[in-house]
Every structure is written in structure tokens, then in C-alpha cells.
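An overview of the molecular structure
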Amino acid sequence: MCLASMRGQGIAVALVERLVADARERGQRIVPLCPFVRSQALRHPDWVGVIQK
């Protein structure tokens, strides 16, 4: 399956949301090295306690 054909399906957002939920549940912080995760963190102010800037 071509990665381009998977665009726009919300898969990456779902993965990041799960990442944040798991980190929050474990009391961990995320250092977003991935540009996509960084951009999503800016759009979700409720992730402030989980995403390290």
C-alpha cells in the first residue's frame, strides 16, 4: 500500500492522540522530535502537561 494513498484518513493524528493518552496515563512527558507531533501539540493546548517544549 502506498503511503500517499493513506493521506487524509486521520491515521497519524490517531497515533499521536494515543501516544499522548498513554504518556498521560503513565505520568510521562513527550519530547516531540517529529515535526508532525510538534505541529499537533500546538493545536492541542490540553496536551500542555504531557508535551515538553
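Our structure is the block above this text.
On a predicted model such as this, the values are computed, not experimentally measured, just so you know. (Residues numbered from 1 in each chain as written. Predicted model: local features only at pLDDT ≥ 70, side-chain atom pairs only at ≥ 80, totals over all residues. Heavy atoms only, no water.)

**A short note on the packing of helix H1 (residues 11–26) against helix H2 (residues 35–43)**
Direction vectors running N to C along H1 and H2 enclose 75 degrees, while the axes themselves pass 11 Å from each other. The angle between H1 and H2 places the two elements in the roughly perpendicular class. Contact residues: Ala 12, Val 13 and Val 16 in H1; Phe 36, Val 37 and Gln 40 in H2. Tallied by class, residues from the contact of H1 with H2 come to five nonpolar, one polar and no charged. (Axes fitted to C-alpha atoms, helices over the stretch in contact; angles between N-to-C directions. Helix = DSSP H or I, 4+ residues; strand = E, 2+ residues; numbered from the N terminus. Parallel < 35°, antiparallel > 145°, perpendicular 65-115°, else oblique. Contact = heavy atoms within 4.5 Å. Nonpolar A, V, L, I, M, F, W, Y, C, P; charged D, E, K, R; others polar.)

**Focus: the nonpolar core**
Within the largest apolar cluster, nine residues are counted, these being Val 16, Val 20, Ala 23, Ile 30, Val 37, Ala 41, Trp 47, Val 50 and Ile 51. Contributions of two or more residues to this core are made by H1 and H2. Broken down by element, this core gets its largest block of residues, three residues, from H1. For Val 16, the residues in contact, after removing those within four places along its chain, are Phe 36, Val 37, Gln 40 and Trp 47. (Core = buried A, V, L, I, M, F, W, Y, C linked by side-chain atoms within 4.5 Å. Buried < 20%, exposed > 50% of the residue type's maximum accessible area, 1.4 Å probe, protein only.)

**Some details on H1**
Between the first and last C-alpha of H1 there are 23 Å, a value that for 16 residues agrees with the 22 Å anticipated at 1.5 Å per step. Those residues of H1 lying buried are Val 16, Val 20 and Ala 23. Projection of H1 onto a plane perpendicular to its axis shows the buried side chains occupying an angular sector of 65 degrees, all on one side. For H1, exposure combined with an orientation more than 90 degrees from the buried face picks out Leu 15, Arg 18, Glu 25 and Arg 26. (Expected span 1.5 Å × (residues − 1). Arc of directions from axis to C-beta.)

Taken by themselves, the reported measurements are silent on function.
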